[in-house]
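Structural overview for review
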Amino acid sequence: DMNVVQIMKALADETRLRIVYLLQKQELNVNELVTILEMGQSRISRHLKILADSGIVTSRRDGLWVFYSIHEKEELHSFLRQIAKLLEELPVIGEDEKRRDFVIMQRTKETTRLFDTLAGNWKHIKAEIFGDVNIIQEIYQILPPCDSVVDIGCGTGDLLGLLKNKVKTVIGVDNSPKMLEQARYFLNREDNTIDLRLGMIEHLPLGDQEVESGVINMVLHHSNTPLSVLKEARRVLKPGGNLVVVDFQKHTREIMRTQYGDRRLGFDSEELKIYFKKTGLIINTEKHYPLTGGLKIMLYILINNLKEA
């Protein structure tokens, strides 16, 4: 349980307060904290250990990387929110925020650059990862008929072309211009009524409740904030609408990070279920598919809960 004295002791240090302030906004790894705070790794690690021992900070191992975030307890969060207001007065906090935004912007740029370079070869890469499992076909068959759909992180648009057979209004969103270029080339041969939009998955270029259904296919593991991606997807969904989410089950293949820029090596199904609950999405269907090389993917059909909409 929370030990108030320990928590107060842990917070009685400027560096630790700065770390806590940063982690309140989002999960970060040690390297990112080192860059933002401009301190040595051993020093940062020592401060993180004190914060972890006091129960303020929790860590999540993901392959070779360790990510840190604030402990889930609501009373701790509300207490730290008050402290954050006081910390905003410190000039050093403004500097930290600028460097954090820069670090995240660099990372997003790197991912976009990586996908821009992979775009031409994407079909081959997907075949290598998925083998015989045609997840695009699965999504197409499993998605209930509807009037409008958005594919969030649509890549080269393989699913968009299929969805057009079932849905009147099809929108594709991606943050890689090269991927969208490929999609435009691939789709225009068949159909130019598909609406392709350049945008971030955390800030979708769609209005509130614009579409009936949504798809987030193999995209969440690239995001720094999967929960905010789900909340954003829910924002653009009509009440009672469906969201299909597909992603890797937790694995240890570090190559997925080095080659394809994966932020996370998949998800624990329980972890995803907590995210769904927090977002107000109810699970309708859950399916698992084994892939070659020991990887597994999970597919969920979620319903946008009317009561909380």
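Heads up: the structure comes first, above all this text.
Given the structure is predicted, the values throughout are model-derived calculations rather than measurements.

Analysis parameters
Residues numbered from 1 in each chain as written. Predicted model: local features only at pLDDT ≥ 70, side-chain atom pairs only at ≥ 80, totals over all residues. Heavy atoms only, no water. Helix = DSSP H or I, 4+ residues; strand = E, 2+ residues; numbered from the N terminus. Rg over C-alpha atoms; globule rule 2.2 N^0.38 Å. Buried < 20%, exposed > 50% of the residue type's maximum accessible area, 1.4 Å probe, protein only. Contact = heavy atoms within 4.5 Å. Areas by Shrake-Rupley, 256 points an atom, 1.4 Å probe, with all protein chains shown as cover. Salt bridge = Lys/Arg side-chain N within 4 Å of Asp/Glu carboxyl O. Pairing = 2+ DSSP bridges. Axes fitted to C-alpha atoms, helices over the stretch in contact; angles between N-to-C directions. Phe/Tyr/Trp six-rings, centres within 6.5 Å; stacked < 30°, edge-to-face > 60°. Lys NZ or Arg CZ within 6 Å of the ring centre and 35° of its normal. Core = buried A, V, L, I, M, F, W, Y, C linked by side-chain atoms within 4.5 Å.

With that settled, the discussion passes to the overall build of the protein chain. In terms of helices and strands, the protein chain carries 13 helices and 10 strands. Taking 309 residues into account, the globule formula puts the C-alpha radius of gyration at 19 Å, and the protein chain, at 21 Å, falls close to it. Taking the principal axes of the C-alpha coordinates as reference, the protein chain spans close to 65 × 45 × 35 Å. In the protein chain, buried positions account for 52% of the 309 residues. Sequence separation of at least 24 residues holds for 67% of the intrachain contacts in the protein chain that already meet a minimum separation of 6. When the accessible surface of the protein chain is summed, it comes to about 14800 Å², and 53% of that surface belongs to carbon and sulfur atoms.

Overall, the coordinates contain 26 salt bridges when judged by the stated rule. Between D62 and R60 there is a salt bridge, with the nearest N and O atoms lying 3.6 Å from each other. Overall, the relative accessible area of 15% leaves R60 in the buried class. Two residues, R100 and D101, come together in a salt bridge whose shortest N-O distance is 3.1 Å. Among the residues examined, R100 registers a relative accessible area of 7% and is labelled buried. A network of salt bridges, in which partner residues are shared, links E27, R60, D62, K250, E254, R257, R264 and E271.

Turning our attention to the environment of F67. Examined against the element boundaries, F67 turns out to sit in strand β3 (residues 65-70). The contact partners of F67, leaving out residues within four places of it in the chain, are E27, L28, N29, T58, S59, R60, D62, R257 and R263.

This part is about the sheet that holds strand β2 (residues 57-62). Reading across from one edge, β1-β3-β2 is the order of the three strands in this open sheet, with antiparallel pairing throughout. Looking at the sheet topology across the chains shown, the edges are occupied by β1 (28-29) and β2. One ladder, built from two bridges, connects β1 with β3; its direction is antiparallel. Each residue of the ladder has a partner; that of L28, found in β3, is Y68. Most of the contacts of helix α2 (residues 14-25) go to β3, to which it runs at about 90°, and overall it touches β1, β2 and β3.

Another aspect to go through is the pairing of strand β8 (residues 237-248). Of all 12 residues in β8, nine are buried, a share of seventy percent or more. Where β8 meets strand β10 (residues 296-304), seven bridges bridge the pair, whose relative direction is antiparallel. Within β10, the residue paired with D247 across the bridge is M298.

Inspection of the entire model under this criterion finds two aromatic pairs. With a centroid separation of 5.9 Å and an interplanar angle of 50°, the aromatic rings of W65 and F67 are classed as tilted. Its relative accessible area of 32% is what places W65 among the partly exposed residues. A ring pair is formed by F276 and Y300, whose centres lie 5.1 Å apart and whose planes are at 70°; its orientation type is edge-to-face. One end of the pair, F276, is in helix α13 (residues 269-279); the other, Y300, is in strand β10, with 24 residues separating them in the sequence. When the ring centre of W65 is taken as origin, the NZ or CZ atom of R257, which lies over that ring, is 4.2 Å away.

I129 and L299 are the most contacted members of the largest nonpolar core, which totals 38 residues. Elements with a minimum of two residues in this core: α7 (122-130), α8 (135-142), α9 (158-163), α10 (177-188), β8, α12 (255-260) and β10. Residue contributions to this core peak at five residues, all from α8. Beyond its immediate stretch of four places on either side in the chain, I129 contacts F248, M256, Y260, L291, T292 and L295. Judged by nonpolar contacts, the second largest core, of 31 residues, contains V30, L33, L51 and L87.

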